[in-house]
Amino acid sequence: MSFGDPNPNPNNPYGQQPNQPPQGQAGYGYPQQAPQGVPPQQGQPGYGYPQQDQPGYGYPQQQPGGTLQANNGYINVAGLGTVELATMGRRLGARALDGVAYGILYLIFSAIGVASLVGASESIDDCSGYSYGTESYTQCMNDAANASVGIVAGFFGFIAVFALIALLYEWLMVSIWGATLGKMVLNVKVVKESTGQAPGLGAGFIRWIIPMVGSLFCGLGTLLVYLSPFFDNSGKLQGWHDRAGSTIVIKTK
């Protein structure tokens, strides 16, 4: 062996020390080292660091919101966890109770409206006692015409007030609290599928207006909207108005 020979071991042609891996290659049983000044990137294997953001073995995975639990009537909702969907029996029962509430309001306002209309009609003078063409007859006919216009205006005003009450009852209660009186009695609540919160004014209005548009077709459209959850093959019992408002109906207890 000559002095200064870079390869002191003639049996090792690579000039490497025994039991050391070649530089730049992964060794047997040795962790890889990061090049000097280059930190390992997150999510990338290596250089002796454990990998991050990889699902572990034996750890449950978080179910995304709106995921059905084996299609057995339960659903995972963000912010609420696993909750039970309201059955169609509960939903139709809540709708029936709301119908009773509507009916009571309708009877109250109908009684008030009829009484006012009767009083207005009785105030119309009988112009037959005046001679035709006289000033008194003309004045009487004008008064009768004005009273008739007031009666018609009162009738349509009554319809508008009742429609406004129906709007505020269904729209605002579902939008803010997620439930009307009927739904509260039967522990039924409407929530946004993505957040688990009350629908809010926008989604609540969309959910309310679709059945109302259906009522223009002799009420048949409204009936179909309320029965449409039966036709939902996703298992979430979403009606057409639920899909439009991105809502689901759950049982609270």
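What counts, and where the lines are drawn
Residues numbered from 1 in each chain as written. Predicted model: local features only at pLDDT ≥ 70, side-chain atom pairs only at ≥ 80, totals over all residues. Heavy atoms only, no water. Core = buried A, V, L, I, M, F, W, Y, C linked by side-chain atoms within 4.5 Å. Buried < 20%, exposed > 50% of the residue type's maximum accessible area, 1.4 Å probe, protein only. Helix = DSSP H or I, 4+ residues; strand = E, 2+ residues; numbered from the N terminus. Contact = heavy atoms within 4.5 Å. Salt bridge = Lys/Arg side-chain N within 4 Å of Asp/Glu carboxyl O. Pairing = 2+ DSSP bridges. pLDDT = per-residue confidence, 0-100. Polar contact = N/O pair within 3.5 Å; in protein donor to acceptor, adjacent residues only side chain to side chain.

Turning our attention to the nonpolar core. Ile-75, Val-77, Val-83, Leu-85, Val-191, Ile-248 and Ile-250 form the largest nonpolar core, which has seven residues in total. Counting residues per element, the ones that place at least two in this core are β2 (74-77), β3 (81-85) and β5 (247-251). If near-sequence neighbours (up to four positions away) are discounted, Val-191 is found in contact with Gly-196, Gln-197, Ser-246, Thr-247, Ile-248 and Ile-250. Of all hydrophobic cores here, the second largest spans five residues; its members include Ala-86, Val-174, Val-188 and Val-190.

To continue, consider the pattern of salt bridges. Scanning the model with the defined rule gives six salt bridges in all. Residues Glu-193 and Lys-236 are paired through a salt bridge, measuring 2.6 Å at the closest nitrogen-oxygen approach. Separated by 43 residues along the polypeptide, Glu-193 in the loop between β4 (188-192) and α4 (200-214) and Lys-236 in the loop between α5 (220-227) and α6 (240-245) bring together distant segments of the chain. Judged by relative accessible area, which is 17%, Glu-193 ranks as buried.

Moving on to the pairing of β3. Remember that side chains alternate between the two faces of the sheet whenever the strand is regular. The sheet contact formed by β2 and β3 spans four bridges and is antiparallel. Looking at the pairing, Asn-76 lines up with Thr-82 of β3. In textbook terms, the turn of a hairpin is the stretch between consecutive antiparallel strands, and for β2 and β3 this stretch comprises three residues, one of which, Gly-79, has a positive phi near 85 degrees. Sheet topology note: the β3/β5 ladder contains two bridges and is antiparallel. Of the residues in β5, the one forming a bridge with Glu-84 is Lys-251.

Bringing the confidence of the model for the protein chain into the picture now. Here the protein chain shows a mean pLDDT of 76. Residues at 70 or above account for 64%. In the model, residues 46-50 has pLDDT below 50 throughout and makes nine contacts with residues more than four positions away in sequence or in other chains. Low pLDDT, under 50, characterises residues 52-62; the stretch is placed with four contacts to residues that sit more than four places away or in other chains.

Before going further, it helps to spend a moment on the side chain of Ser-175. Take Ser-175: it is sitting in helix α2 (residues 135-177). Residue classification places Ser-175 among the buried positions, given a relative accessible area of 4%. Within the local environment of Ser-175, its side chain forms a polar contact with the backbone oxygen of Trp-171, the two atoms lying 2.6 Å apart.

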